[in-house]
Amino acid sequence: MRLLLVEDDPMIAETVQDAMRSAGHAVDWAADGRAAELSLGNAVYELVLLDLGLPKQDGIEVLKRYRRSGGTSPVLILTARDALADRVQGLDAGADDYLVKPFELDELAARVRALGRRRVGQAAPLYVHGAITLDPSAHTVLLDGQSIDLLPREFALLAALMEVPTHVFNRRELEEKLYGWGDEVGSNTIEVHVHGLRRKIGAQRIVTVRGVGYRMAQAE
Amino acid sequence: MKSIRWRLIVWLVAGLVVLALIAGYSLYRTARNEASELFDYELRTVALSLPVTSEDGAPTDAPGSADWGGLAEDRLVIQRWDGNNIAQYHNEVARSMPRLTPGFHDKEWDETHWRVYGIQLPDRYVQVAQPIAVRDSLAVGMALKIIAPLWVLVPAIVLFVLWVVSKGLQPISAISRSVSQRSYESLTPLSFDQPIPSEIAALVNSLNDLLTRLDQAVAAQRVFVANAAHELRSPLAALKLQLQHANQQHALGADSAIAAKLEGRLNRLIHLVQQLLDLARADAGQGNTMNVIDIRALTEQVVGDYSFTAESRGIDLGLVGPDGPLLVHGDSTGLTMLMVNLVDNALRHTPDGGAVDVRLCREPDGVALEVIDSGCGIPREELEKVTTRFYRGTDAVGQGSGLGLSIVSRVAERHHTRLTLENRSDRTGLIARVAHLTPASS
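None of these values were measured; they are calculated from a predicted model. (Residues numbered from 1 in each chain as written. Chains lettered and ligands numbered in written order. Predicted model: local features only at pLDDT ≥ 70, side-chain atom pairs only at ≥ 80, totals over all residues.)

### Brief notes about the interface of chain B and chain A
Then, in step 1: Contact residues are listed per partner, giving 31 residues for chain B and 27 residues for chain A.
Then, in step 2: Among the secondary structure elements, those contributing two or more residues to the side of chain B that touches chain A are helix H3 (198–248), helix H4 (256–284), helix H5 (295–312), strand E7 (316–320) and helix H6 (332–348) of chain B.
Then, in step 3: At 10 residues, H3 of chain B tops the list of elements feeding residues into the side of chain B that touches chain A.
Then, in step 4: For the side of chain B that touches chain A, the per-class residue count stands at 10 nonpolar, 16 polar and 5 charged. (Contact = placed C-beta atoms within 7 Å. Helix = DSSP H or I, 4+ residues; strand = E, 2+ residues; numbered from the N terminus. Nonpolar A, V, L, I, M, F, W, Y, C, P; charged D, E, K, R; others polar.)

What follows is the structure, given as structure tokens:
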């Protein structure tokens, strides 16, 4: 897989490149926002690792322009813990996932693998998380290679959770994903769907963050 | 005697008393001189005007006889010698008093000091004497009469001095009040509404000068800590990645337990550096524009972030509070640091399989945030100390830096509230509470 690493710190960039290369990926490195734009314009990458605190041009800005110019490759944001707002902005600007610095290399590798399965050029990306593979275009879900049947709302719920597996979705966010404008949403509808979904894929695969919402369990 | 007030009062009152004594004494002296002159004149007049009452030479001893009535009070002793130097006496005591030369004399006789006047008249010699004590007692009486009102004035003077002293010391009290009311972190120069008296202006100026320099020094130190922590963060993150990479490639040639230990130490270092940076930022309050923020959304993010740690340790981490946005006036970066440190702390001190509640409540006097863990709590005697920098509990477990709670305290102070810690009453565990966050309406 061909990756673009946008990271201004050479020490981190070098190690990430080494690690990604040993995992079998080809990595290009852009040290600032302008170099990132040039690289994104010249080549097709299957995944972009984007550090948000960049010299010359802000990472968020790079991401926005990339999406505006039609770039569809998954983007994984690397951000400092104390920049909560950046993370939200990043997701809003079209990032697919985020990792909080300092991250574990294993974690990075896992995310890269998961995001990388959403191949460029496919009509819709393929979501993979642990034993679950979800194909949004074909509307199929495989659990350990076995196809399982989900209700449309359960499917939409799982798709939403798998889209950003590190994010805890609160009820409001999930309602927005599952229902259109004007739909009547019962007060415990989401809970009902989560319950149904858990019965089919295994309760331990969806974590309830009490008082906040739901997210995917960490991939085993 | 430490107080200027008491020093002034004692010295002023003592000075007044001494002055009154001196005044009394000089009054006495003046009165005595005046009295001496008067009495000398009286002696002379008596001597000159003494009539020749009897030619028989018999002494006239009767005190109340003839016209001498008034003289008895003055204890006058009158002696007379006729032309033949035969003594004729006017009262009994006079019999033994010797005859002196003419003119005024002070003479001790019969254990009494006398003032004696003698005069040689054509047909007789007259000597008049009077005890000096008479004029002394008159002088003392006069002096006392003049001084007496002064003694009545003493309490009034003491009260007046008290009033003047407190009035005069008012600027000093105002300054010390204003200094004592300052919060320990405030290093802004002192300023007063009223003009400062020139005597203490110098003191206030040097104090302000000191404060300014101190402020600059503290600011420089904070900037240094923040920069150092910031600069340390990247190399440490890189080191961690490098270590993990080397470990994956089995390039270390060491067994995995050693590698895990190395990484544990490194994680602790990274955590410490991050906290130093947080603390420096909280101290400097940089980027701390107060905005209307949704503290529920912010808490959801932090709880969401830590749900991974909680999940892997089997800890039930949850948020308890009213649904929907909860708006407060605050600094989102600061409140995030506050929340992260409280939750991080709670998770560190909660055993695997325990529970941590983050509770948000709307209260009459603001929004309250509580983080309640099911750890072992903090011994009562250490509750006060744990917010001190680098303080780690005596039975602290885990890898805390000892900075978390001071970061929380600093952020809370900037939000005009404070961190309170108490042990749970229902079971072991700690309740960390930051109340009175200013609510905002959208």
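What follows picks up the thread again.
### Considering unusual backbone geometry
Then, in step 1: Going from Lys101 of chain A to Pro102 of chain A, the amide bond is cis rather than trans, its omega being -5°.
Then, in step 2: Relative to the helices and strands, Pro102 of chain A is located in the loop between strand E5 (97–101) and helix H5 (105–116).
Then, in step 3: For Asp144 of chain A, which is not glycine, the phi torsion reads 50° and is therefore positive.
Then, in step 4: Using a count of 10 C-beta atoms within 10 Å as the deciding quantity, one classes Asp144 of chain A as exposed.
Then, in step 5: Phi at His416 of chain B takes a positive value of approximately 60°, unusual for a residue other than glycine.
Then, in step 6: Within the element layout of this structure, His416 of chain B appears in the loop between helix H7 (404–414) and strand E11 (419–423). (Buried ≥ 20, exposed ≤ 12 C-beta atoms within 10 Å, placed from the backbone.)

### Points about the sheet that holds strand E9 (residues 146–148) of chain A
All names here are of chain A.
Then, in step 1: Across the sheet, which stays open at both edges, the 4 strands sit in the order E6-E7-E8-E9 with antiparallel pairing between neighbours. Each edge of the open sheet carries a strand with a single partner, namely strand E6 (127–129) and E9. Neighbour-to-neighbour, the strand axes of this sheet turn through a mean angle of 25°, independent of strand direction.
Then, in step 2: In this sheet, strand E8 (residues 140–143) lies alongside strand E7 (residues 132–135) in antiparallel orientation, the contact comprising 4 bridges. Across the sheet, residue Asp135 finds its bridge partner in E8, namely Thr140. (Pairing = 2+ DSSP bridges. Axes fitted to C-alpha atoms, helices over the stretch in contact; angles between N-to-C directions.)

### Comments concerning the pairing of strand E5 (residues 124–131) of chain B
Residues and elements named next belong to chain B.
Then, in step 1: Sheet topology places strand E1 (residues 77–82) next to E5; 6 bridges connect them, and they run antiparallel. Bridging from a neighbouring strand, Arg80 pairs with Val126 of E5.
Then, in step 2: Bridge count for strand E4 (residues 112–120) against E5 is 7 bridges, and the pairing is antiparallel. Bridging from a neighbouring strand, Gln120 pairs with Tyr125 of E5.
Then, in step 3: Connecting E4 to the next strand, E5, in antiparallel fashion are 3 residues.

### Notes on the sheet that holds strand E10 (residues 366–373) of chain B
Residues and elements named next belong to chain B.
Then, in step 1: Spatial ordering of the open sheet is given by E7-E9-E10-E12-E11, a layout of 5 strands whose pairing is mixed. What marks the edges here is a single partner per strand, and that holds for E7 and E11. When strand polarity is set aside, the average angle formed by the axes of neighbouring strands in this sheet is 15°.
Then, in step 2: Pairing of E10 with strand E12 (residues 430–437) involves 5 bridges; the strand directions are antiparallel. Within the sheet, the bridge partner assigned to Val367 lies in E12 and is Leu437.
Then, in step 3: Across the sheet, H5 touches E7, strand E9 (355–363), E10 and E12, and the angle it forms with E7 is around 175°.

### Details of the nonpolar core
Then, in step 1: Formed by 106 residues in total, the largest nonpolar core has its most connected members in Val6 and Leu50 of chain A together with Val343 of chain B.
Then, in step 2: Ranked by residue count, the leading element in this core is H6 of chain B, at 9 residues.
Then, in step 3: Ignoring any residue separated from it by four or fewer positions in sequence, one finds Leu50 of chain A in contact with Val6, Gly59, Val62, Leu63, Val75, Leu76, Ile77 and Leu78 of chain A.
Then, in step 4: Residues Ala47, Leu76, Val77 and Ala129 of chain B belong to the second largest nonpolar core, which totals 11 residues. (Core = buried A, V, L, I, M, F, W, Y, C linked by C-beta atoms within 7 Å.)

### Observations concerning the confidence of the model for chain A
Then, in step 1: Taken as a whole, chain A shows an average pLDDT of 86; of its residues, 95% reach a score of 70 or greater.
Then, in step 2: Taken element by element, the predicted model of chain A shows its lowest mean pLDDT in helix H4 (residues 84–92) of chain A (80) and its highest in strand E11 (residues 206–209) of chain A (94). (pLDDT = per-residue confidence, 0-100.)

### Quick word on the packing of helix H1 (residues 10–22) of chain A against H3 of chain B
Then, in step 1: The geometry of H1 of chain A relative to H3 of chain B is characterised by a closest axis approach of 8 Å and an angle of 20° between their N-to-C directions. Relative to H3 of chain B, H1 of chain A is oriented roughly parallel. Considering only the axes of H1 of chain A and H3 of chain B, their crossing is left-handed. Note on element contacts: H3 of chain B touches H1 of chain A through Ser234, Pro235, Ala237, Ala238, Leu241, Gln242 and His245 of chain B, opposite Met11, Ile12, Thr15, Val16, Asp18 and Ala19 of chain A.
Then, in step 2: Residues that form the contact of H1 of chain A with H3 of chain B fall into these classes: 8 nonpolar, 4 polar and 1 charged. (Parallel < 35°, antiparallel > 145°, perpendicular 65-115°, else oblique. Left-handed = near helix turned anticlockwise from the far one by under 90°.)

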